[in-house]
Amino acid sequence: MIELRRLNNETFTLNALMIEQVQAFPDTTITLLNGKKVVVKEKEQTVIEMATDFYNKIGLQQSLNKAGEGKDE
């Protein structure tokens with residue numbers, strides 16, 4: 001889980017496993033697997049780093065690297 005801030009500074013916790021895509025439009029928009037979009041204050045790279053840290057914490061990043069995916073994410 002990662003803690004993020006909406007544009008109104010309200011904090012919330014997001015299950016990083018639900019992230020499908022992160023884009024900057026210029027606001028950072030996270031598209032979830034269910035199609036829902038969340039706009040956050042954090043920069044795109046910050047969200048990617050937070051998600052990667054979470055994946056490392058639960059041992060998922062190592063599995064992705066072994067499978068040949070997520071090398072730079």
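Read on for a plain summary of the structure. In this text, all values refer to a predicted model and were calculated from it rather than measured experimentally.

Reading guide: rules and limits
- Residues numbered from 1 in each chain as written.
- Predicted model: local features only at pLDDT ≥ 70, side-chain atom pairs only at ≥ 80, totals over all residues.
- Heavy atoms only, no water.
- Core = buried A, V, L, I, M, F, W, Y, C linked by side-chain atoms within 4.5 Å.
- Buried < 20%, exposed > 50% of the residue type's maximum accessible area, 1.4 Å probe, protein only.
- Helix = DSSP H or I, 4+ residues; strand = E, 2+ residues; numbered from the N terminus.
- Contact = heavy atoms within 4.5 Å.
- Pairing = 2+ DSSP bridges.
- Expected span 1.5 Å × (residues − 1).
- Arc of directions from axis to C-beta.
- Axes fitted to C-alpha atoms, helices over the stretch in contact; angles between N-to-C directions.

1. Considering the nonpolar core
In step 1: Counting residues in hydrophobic clusters, the biggest one holds 15 residues, and the most contacted among them are Leu4, Leu14, Ile19 and Ile30.
In step 2: Those elements giving two or more residues to this core turn out to be strand S1 (2-5), strand S2 (11-14), strand S3 (19-24), strand S4 (28-32), strand S5 (37-40) and helix H1 (44-58).
In step 3: Sorting elements by how many residues they give to this core places H1 first, with four residues.
In step 4: Beyond its immediate sequence surroundings of up to four residues, Leu4 is in contact with Glu10, Thr11, Phe12, Leu14, Ile30, Val40, Glu42, Val47 and Met50.

2. Some thoughts on the environment of Leu17
In step 1: With respect to the helices, strands and loops of the structure, Leu17 is situated in the loop between S2 and S3.
In step 2: Residue classification places Leu17 among the partly exposed positions, given a relative accessible area of 41%.

3. Remarks on the pairing of S5
In step 1: Judged by which residues are buried, S5 turns out to be one-sided: Val38 and Val40 face inward and are buried, whereas Lys37 and Val39, on the alternate face, are not.
In step 2: Bridge count between S4 and S5: four bridges; the pairing is antiparallel. By the bridge assignment, Thr29 is partnered in S5 with Val39.
In step 3: What sits between the antiparallel neighbours S4 and S5 is a turn of four residues, in which Gly35 has the positive phi angle 90°.

4. Some points on H1
In step 1: An ideal rise of 1.5 Å per residue puts 21 Å on 15 residues; H1 measures up with 22 Å between its terminal C-alpha atoms.
In step 2: When we look at burial in H1, the residues that qualify are Val47, Ala51, Thr52, Phe54 and Tyr55. Viewed along the axis of H1, the buried residues span an arc of 160°, placing them on a single side of the element. Away from its buried face by more than 90 degrees, H1 exposes Asp53 and Lys57.
In step 3: Downstream of H1 by a residue or two, Gly59 has a phi angle that is positive, lying close to 85°.

5. Some remarks on the sheet that holds S3
In step 1: An order of S3-S4-S5 is seen for the three strands of this open sheet, with the pairing classed as antiparallel. The sheet terminates laterally at S3 and S5, the two strands that pair on one side only. With strand direction ignored, the average angle separating the axes of adjacent strands in the sheet is 20°.
In step 2: Across the sheet, H1 is in contact with S3, S4 and S5; its angle to S3 comes to roughly 155°.

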